[in-house]
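Commentary on secondary and tertiary structure
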Amino acid sequence: MRVSSPATAAGVQQPGSAGAAVSARGLSKRYGDGPAAVVALDAVDLDFAAGRFTAIMGPSGSGKSTLLHCLAGLDRPSAGSVRIGDVDLDSLDDRRLTLLRRDRVGFVFQKFNLLPALTAEQNIVLPLAIAGRRPDPAWLRQVVAAVGLTDRLRHRPAELSGGQQQRVAIARALITRPWVIFADEPTGNLDSRAGADVLRLLREAVDTLGQSVIMVTHDPVAAARADRVVLLADGRLVHDLAAPTAEQVLDALAGLDPAGAVRARSVGR
Ligand SMILES: Nc1ncnc2c1ncn2[C@@H]1O[C@H](COP(=O)(O)OP(=O)(O)OP(=O)(O)O)[C@@H](O)[C@H]1O
């Protein structure tokens, strides 16, 4: 990411205490009641270090989205707690939780979630505009340059490629200098080249800006760009891999899921 080092130091706010950007303790989420209840998360304990890129993987239905939504304050757990920085989400009423998400958290979604009537620039500064704040012009310029959108700022989303739209979303996530960025299948709607660009930008946000990124993905190649890959199965943490290769991720997945093993053999080797 082409951002100069003085801005790097000022680039990202770190949460008050050193250490974890986000932590979960005894995190459980149950949908429904009685025999039909689904335990989507089952007493998960996890710490996500500040300034690191962590991928969350696991078979379909293993609880990845539920975990991301609970960590990001988009959904309330049935039991357990989540802290973002020094803030215990359970201590926040809905209004304060909304403010925390707006001011301290960046989001990148599979479907970009841009507002179609706004230009790229208006979408990028939207979290600040909603908060009644003006962008720091130098930071805006740097973020826009970093994601390669300087000549696309006046375009509306429909006039941009999928990869460009996702780069707008990444710039929007960075503009508030959040404590953490949550990315939910950020490459899921992109061709492999645009997907690789998005992963490079997320990687560089971590390496250059000290940003903390937590990403759900189905793609072992995407996960291999992370510093750490945590694997869920049936709502529990079953593997915690430090800087694995795509092949190691595939092997770990294949060990969980017989159908995955078939995919791993046919795709990976
Ligand atoms: N709103 C809901 N109501 C009832 N059950 C739900 C709800 N959301 C998720 N579930 C169930 O919780 C479990 C975990 O779902 P979740 O979407 O978190 O898994 P996932 O790993 O993200 O799956 P995928 O990879 O297919 O997106 C699944 O069994 C799912 O059917």
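Not measured: the values here are computed from a predicted model.

The next thing to look at is the site of the ligand. All residues adjacent to the ligand are Tyr31, Gly32, Val38, Ala40, Gly58, Ser60, Gly61, Ser62, Gly63, Lys64, Ser65 and Thr66. If one sorts the elements of the shell around the ligand by residue count, helix H2 (residues 64–71) sits on top with three residues. Its residues assigned to classes, the shell around the ligand shows three nonpolar, eight polar and one charged.

When two helices pack together, you describe them by how their axes are tilted relative to each other and by the distance separating the axes. It is at 9 Å that the axes of helix H7 (residues 162–174) and helix H8 (residues 192–209) come closest, and there the two elements cross at 15°. If you check the angle between H7 and H8, you find them roughly parallel. As H7 packs across H8, the resulting crossing turns out to be right-handed. Of the residues in H8, those touching H7 at Gly162, Gly163, Gln166, Arg167, Ile170 and Leu174 are Ala194, Asp197, Val198, Leu201 and Ala205. Class assignment of the residues belonging to the contact of H7 with H8 gives a composition of six nonpolar, three polar and two charged.

Further remarks concern the sheet that holds strand S7 (residues 180–184). Spatially, S6-S7-S8-S3-S9-S10 is the arrangement adopted by the six strands of the open sheet, whose pairing is mixed. Both outer strands of the open sheet, strand S6 (105–109) and strand S10 (236–242), are each paired with one neighbouring strand and no more. Each strand axis lies, on average, 20° off the axis of its neighbour in the sheet, ignoring direction. Relative to strand S8 (residues 213–216), S7 is paired through four bridges, and the arrangement is parallel. Of the residues in S8, the one forming a bridge with Asp184 is Val216.

Attention now goes to the confidence of the model for the protein chain. Looking at the protein chain, the pLDDT average stands at 89 and 88% of residues meet or exceed 70. Residue range residues 2–11 is modelled with pLDDT below 50. Its contacts to residues more than four positions away, or to other chains, number 15 contacts. Counting interchain partners and residues more than four positions distant, the pLDDT-below-50 stretch residues 260–269 has ten contacts. Confidence metrics for the complex model read pTM 0.90 and ipTM 0.98.

Tracing the sequence through the fold places Gly255 in helix H10 (residues 246–256). Distance from Gly255 to Leu237, taken between C-alpha atoms, is 14 Å for residues 18 residues apart in sequence.

What follows is about helix H6 (residues 137–146). Listed in full, the buried residues belonging to H6 are Gln142, Val143, Val144 and Ala146. One or two positions beyond H6, positive phi appears at Gly148, with a value near 70°.

Right, let's talk about the environment of Ala252 for a bit. In this structure, Ala252 sits in helix H10. Judged by the 22 C-beta atoms lying within 10 Å of it, Ala252 falls in the buried class. Separated by 156 residues in sequence, Ala252 and Arg96 place their C-alpha atoms 39 Å apart. Leave out the neighbours within four places in its chain, and Ala252 touches Leu231, His239 and Leu241.

Thresholds applied
Residues numbered from 1 in each chain as written. Predicted model: local features only at pLDDT ≥ 70, side-chain atom pairs only at ≥ 80, totals over all residues. Near = placed C-beta within 6 Å. Helix = DSSP H or I, 4+ residues; strand = E, 2+ residues; numbered from the N terminus. Nonpolar A, V, L, I, M, F, W, Y, C, P; charged D, E, K, R; others polar. Axes fitted to C-alpha atoms, helices over the stretch in contact; angles between N-to-C directions. Parallel < 35°, antiparallel > 145°, perpendicular 65-115°, else oblique. Left-handed = near helix turned anticlockwise from the far one by under 90°. Contact = placed C-beta atoms within 7 Å. Pairing = 2+ DSSP bridges. pLDDT = per-residue confidence, 0-100. Buried ≥ 20, exposed ≤ 12 C-beta atoms within 10 Å, placed from the backbone.

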